[in-house]
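The residues making up each chain are set out below.
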Amino acid sequence: METIEKSTCQKVGYLQKPHGIKGALSLIFEPQFDLSLENEPILFLEIDGLLVPFFFAEEGIRFRSGESAIIQLDWVNNEDEARKLSGLSVFIKLEDVVYPEEELSLHHLVGFKLHDAQLGLIGPIEKVEDYGGNLLLLVHYQGKEVMVPFNEQLLISFDEQDQKIILQCPEGIFELD
């Protein structure tokens, strides 16, 4: 069994639990490693203190959010095999870590203050969801949870320094019953 030194790898997350009965696993990862995981065919799982390589199966990886994904690994074909891997730490090689170029990734928007062009301050962004390229910002406004669509056409201003986003939000989105 081939292993690799921990010092040459970066921990990116852990395997939470089996997903379904065909050996898929739920991977919980640090948001800054989403690009690294998307481009990496090999993961290293820490088994008995050693890092053991696992390859993605043809199904590969399906991102569920900015912090979780469903993965299918080669040679893991049923729920029992997947359950044995649950709880293991997941690593990738340091050389394979992808650092975005000055570009904000979605998870960086969490905590930014969302403002509407007409209403003013709405509240802090609590979560960013990506539904097949359709981005939704989760905020609480007047005690209610609101999912606000986010795209460049709605963006009026973006201030990274002050963590402030001003959007021309769709009419009526904050009219709560």
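On a predicted model such as this, the values are computed, not experimentally measured, just so you know.

Basis of the calculations
Along each chain, residues carry numbers from 1 onward, in the same order as the chain's sequence is written. In view of the model being predicted, local features appear only for residues whose pLDDT reaches at least 70, and side-chain atom pairs are presented and counted only at 80 or more, with totals across whole chains, interfaces and linings using the full set of residues. As a convention, hydrogens and water are excluded, and side-chain values are obtained from all of the structure's heavy atoms. Strands pair, by our definition, only if DSSP identifies at least two bridges between them. Helical segments are the DSSP runs of H or I of at least four residues, strand segments are the runs of E of at least two, and each set is numbered from the N terminus. Lines fitted to the C-alpha atoms define the axes, with helices restricted to the stretch that makes contact. Angles between their N-to-C directions range from 0 to 180 degrees. Between Lys or Arg on one side and Asp or Glu on the other, a salt bridge is scored when a side-chain nitrogen of the former is within 4 Å of a carboxyl oxygen of the latter. Burial classes: relative accessible area under 20% of the type maximum marks a residue as buried, over 50% as exposed, and values in between as partly exposed (1.4 Å probe, protein chains only). An automatic or database domain assignment supplies the residue ranges for each domain.

We now examine the pairing of strand β11 (residues 144–150). Two faces belong to every sheet, and in a regular strand the side chains alternate between them. As paired strands, strand β10 (residues 134–141) and β11 are joined by seven bridges and run antiparallel to one another. Considered in β11, the bridge of Leu135 is made with Phe150. Connecting the antiparallel pair β10 and β11 is a turn made up of two residues, with Gln142 showing a positive phi of about 50°.

Let us look at the sheet that holds strand β7 (residues 113–116). Read from one edge of the open sheet, four strands run β8-β7-β13-β12, paired in mixed fashion. Sheet topology places β8 (120–124) and β12 (155–159) at the edges, where each strand pairs with a single neighbour. Within the sheet, the average angular offset between the axes of one strand and its neighbour, ignoring direction, is 20°. When β7 meets strand β13 (residues 164–167), the two strands line up parallel, connected through four bridges. Within β13, the residue paired with His115 across the bridge is Ile166.

Spatial ordering of the closed barrel is given by β1-β2-β5-β4-β3-β6, a layout of six strands whose pairing is antiparallel. Within the sheet, the average angular offset between the axes of one strand and its neighbour, ignoring direction, is 50°. As paired strands, strand β2 (residues 24–29) and strand β5 (residues 68–73) are joined by four bridges and run antiparallel to one another. Following the sheet pairing, Ser26 is matched in β5 by Ile70.

Moving on to the pattern of salt bridges. Counting across every chain of the model gives three salt bridges. In this structure, Lys6 and Glu46 form a salt bridge, with 2.3 Å as the shortest nitrogen-oxygen distance. Of this pair, Lys6 sits in the segment before β1 (9–19) while Glu46 sits in strand β3 (residues 42–47), placing them 40 residues apart in sequence. Given the relative accessible area of 39%, Lys6 is considered partly exposed. For Lys127, the salt bridge goes to Glu129, with nearest N and O atoms at 3.1 Å. The partly exposed category is assigned to Lys127, whose relative accessible area is 40%. Judged by relative accessible area, Glu129 falls into the buried class, the value being 10%.

Each assigned domain of the chain is listed here: domain 1 (6–96) and domain 2 (101–167). Its C-alpha centre places domain 1 at a distance of 29 Å from the equivalent point of domain 2.

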